[in-house]
Amino acid sequence: MRAWVLTRHGDSPDTFELRSLPTPKPGPGQVRVKVLRFGLNFADVMAMLGLYRDCPPLPAVLGYDVAGVIDELGPDVDDWKLGDRVFGLSRFGGYAEYAITEAGAITKLPDSLTLEVGVALATQGVTAQYMANYIQPLRQGEHVLIHAAAGGVGTLMVQVALHAGCIIYGTAGSPEKIKYLRKMGVHYPINYREEDFFQVISQDGDLQPLDAVFDPIGGKSVKLGMKLLKPGGRMVTFGGSSFIGKGNIVTKMANFLASGFYHPLVLTGGSRSVIGVNMLRLADHKPEVLGQLMAQTAELASRKVFRPEIFSVVPANQFKESLAMLQNRATIGKLVVSWES
Ligand SMILES: NC(=O)c1ccc[n+]([C@@H]2O[C@H](COP(=O)([O-])OP(=O)(O)OC[C@H]3O[C@@H](n4cnc5c(N)ncnc54)[C@H](OP(=O)(O)O)[C@@H]3O)[C@@H](O)[C@H]2O)c1
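On a predicted model such as this, the values are computed, not experimentally measured, just so you know.

Thresholds applied
- Each residue is numbered by its place in its chain's sequence as written, counting from 1.
- Per-residue local features of the predicted model are confined to residues with pLDDT of at least 70, and side-chain atom pairs are confined, for both listing and counting, to 80 or more; whole-chain, interface and lining totals are unaffected and use all residues.
- Each side-chain value is worked out from all heavy atoms of the structure, with water and hydrogens disregarded.
- Burial classification: accessible surface area is computed with a 1.4 Å probe over protein chains only, and a residue below 20% of its type maximum counts as buried, one above 50% as exposed, and the rest as partly exposed.
- Segments assigned H or I by DSSP are reported as helices when at least four residues long, segments assigned E as strands when at least two residues long, and all are numbered from the N terminus.
- Arc definition: it is the arc formed by the directions from the helix axis to the C-beta atoms.
- By definition, two strands form a pair when at least two bridges between them are found by DSSP.
- The axes are straight lines fitted to the C-alpha atoms, using for helices just the contacting stretch, and the angles between their N-to-C directions are given from 0 to 180°.
- Residues are treated as being in contact if the distance between any of their heavy atoms lies within 4.5 Å.
- Being near a molecule or strand, for a residue, means having at least one of its heavy atoms within 4 Å of it.
- The definition of a polar contact used here is a pair of N or O atoms within 3.5 Å, where within protein one atom must be able to donate a hydrogen and the other to accept one, and adjacent residues in sequence count solely through side-chain atom pairs.
- Gly falls in the polar group here, along with every residue not listed as nonpolar (Ala, Val, Leu, Ile, Met, Phe, Trp, Tyr, Cys, Pro) or charged (Asp, Glu, Lys, Arg).
- Each domain's extent is set by a domain assignment, obtained either automatically or from a database.
- Once two parts are joined, some of their accessible surface, as seen by a 1.4 Å probe, is lost; buried area is that loss totalled over both.

Participant: How would you explain helix α4 (residues 175-184) if you had to name every residue and give the values?
Facilitator: Turning to α4, its buried residues are Lys177, Ile178, Tyr180, Leu181 and Met184. Seen from one end, α4 has its buried residues packed into an arc of 160°, which puts them on one side. In α4, those exposed residues whose orientation departs by more than 90 degrees from the buried face are Pro175, Glu176, Lys179, Arg182 and Lys183. Downstream of α4 by one or two residues, Gly185 has phi in the positive range, about 110°.

Right, here's the structure in full:
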């Protein structure tokens, strides 16, 4: 089978090679999916750069989300049948024509949803659903700040927060993204390259206006977000894109320290919380929750609560160009790759 393989760490998708690999066999409790579409995630960029702790040893096939049909069942799997149209999490190995997944890590793709929508739901939809509706559900009238709001996770967070009746501040880094956020219904789109989100949000007189912040940036952004939280508010951190380009250990450490430290007594006194999210850890320890979340995303997409924005569906030979666009912040929503020509 063909697969895109990360051969070394580096700052360009030229670190990937299209290789021919043996087609994997599913083990007990697993299925093999014939991958018709796979998705790109920002974590893949972090892995390419050598900034992703969970990345397997190289050479490695990355890729978390796939959509396709089941083409082989592991020995003891009887809840799926060959040909079932599914989407789900591959936990690496997704950038290939065939991927092995745990039988519980995939969900039936409703007929009304396209393969690319399935790919967008698998990682990014599940992450958004977990943050918005599982750990502490969003409530009507809450004021929320969503960073990287025009991205894959961000657009889905915006959709689910709008559905819940929240007032949304959304940050993004280009005029096109701001225009898109405005069109989506984000109440306060903020181009952080032109305006300081902290100033914009705090200037209305209420110095602590936010009920929730969703932060995949890390560093100083977390510290500023914490200052904007009202009592009862929560900071949900789920990434560290600010570590990109922080060349040496000193600047990395400075960025690490910039997010601040939050003693339990101080959090208790202010009645605020900090919640860390890592869906891989959750998949390791609570796979049944992942299964529930995936089924919920399919249901929400069928009801058009989630309407994934598909930035592009490119043939597999354009994978590198697509990943470069993600790395260069040039995308809105989800990037999908197709093995079908
Ligand atoms: N913890 C988890 O389990 C989990 C799961 C899924 C995703 N995530 C995290 O969620 C975030 C969004 O993931 P995604 O796959 O949906 O990606 P994405 O948001 O579609 O793309 C990444 C976006 O991050 C912004 N960004 C900020 N700093 C950046 C930098 N230094 N370099 C490049 N982009 C930067 C850019 O938007 P602007 O132009 O608007 O700045 C860029 O478009 C990522 O940080 C990812 O690691 C975490």
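Participant: Can you lay out the sheet that holds strand β9 (residues 167-172) for me, pointing to particular residues and giving the numbers?
Facilitator: Sheet strands pair via backbone hydrogen bonds, and the direction of the pair is either parallel or antiparallel. On the basis of which strands lie adjacent, the open sheet formed by 6 strands has the order β10-β9-β8-β11-β12-β13 and parallel pairing. With partners counted over all chains shown, the strands left at the sheet margins are β10 (188-191) and β13 (273-276), one partner each. With strand direction ignored, the average angle separating the axes of adjacent strands in the sheet is 15°. The pairing of strand β11 (residues 210-215) with strand β12 (residues 229-237) spans 5 bridges and is classified as parallel. Residue pairing in the sheet places Asp215 in a bridge with Thr237 of β12. Contacts from helix α3 (residues 152-164) reach β8 (143-146), β9 and β11 within the one sheet, and its direction differs from that of β8 by about 170°. Sheet contacts for α4: β9 and β10; angle to β10, the most-contacted strand, approximately 175°.

Participant: Can you break down unusual backbone geometry residue by residue, with the values?
Facilitator: Between Leu58 and the following residue, Pro59, the backbone shows a cis peptide bond with an omega angle of 0°. With a phi angle near 45°, Arg91 is a residue other than glycine that sits in the positive phi range. With a phi close to 60°, Arg329 is a non-glycine residue in the positive phi region. Counting through the fold element by element, Arg329 comes out in the loop between α11 (319-327) and β15 (334-338).

Participant: Give me the lowdown on the site of the ligand, citing residues and values where you can.
Facilitator: Close to the ligand lie 24 residues, the nearest being Lys177, Tyr192, Val277, Met279 and Arg329. One nitrogen or oxygen atom from the main chain of Phe42 is found 2.8 Å from an oxygen atom belonging to the ligand. Between the ligand and Met279, the relevant distance is 2.7 Å, taken from an oxygen atom to a main-chain nitrogen or oxygen of the residue. Elements supplying a minimum of two residues to the shell around the ligand: α2 (115-134), α3 and α11. Taken together, the residues of the shell around the ligand sort by class into 12 nonpolar, 10 polar and 2 charged. Counting residues domain by domain, the shell around the ligand receives three or more from each of domain 1 (2-123 + 296-338) and domain 2 (136-276).

Participant: Explain the domain arrangement of the protein chain residue by residue, including any values.
Facilitator: Frequently, the measure chosen for interface size is the accessible area removed from exposure when the parts meet. For the protein chain, the assigned domains read domain 1 (2-123 + 296-338) and domain 2 (136-276). When each unit is reduced to the centre of its C-alpha atoms, the spacing between domain 1 and domain 2 is 27 Å. Listed as interface residues are 15 residues of domain 1 and, on the opposing side, 18 residues of domain 2. Of the roughly 1,400 Å² buried at the junction of domain 1 and domain 2 (both faces included), carbon and sulfur atoms supply 65%.

Participant: Tell me what's going on with the environment of Ala3, and back it up with residues and numbers.
Facilitator: Mapped onto the secondary structure, Ala3 falls in strand β1 (residues 2-6). In this structure Ala3 comes out as buried when scored by relative accessible area, which is 0%. Each C-alpha atom of the pair Ala3 and Glu116 lies 19 Å from the other, and the pair is 113 residues apart in sequence. Not counting residues within four places of it along the chain, the set of residues in contact with Ala3 comprises Glu17, Leu18, Arg19, Leu21, Val61, Tyr95, Ala96 and Trp339.

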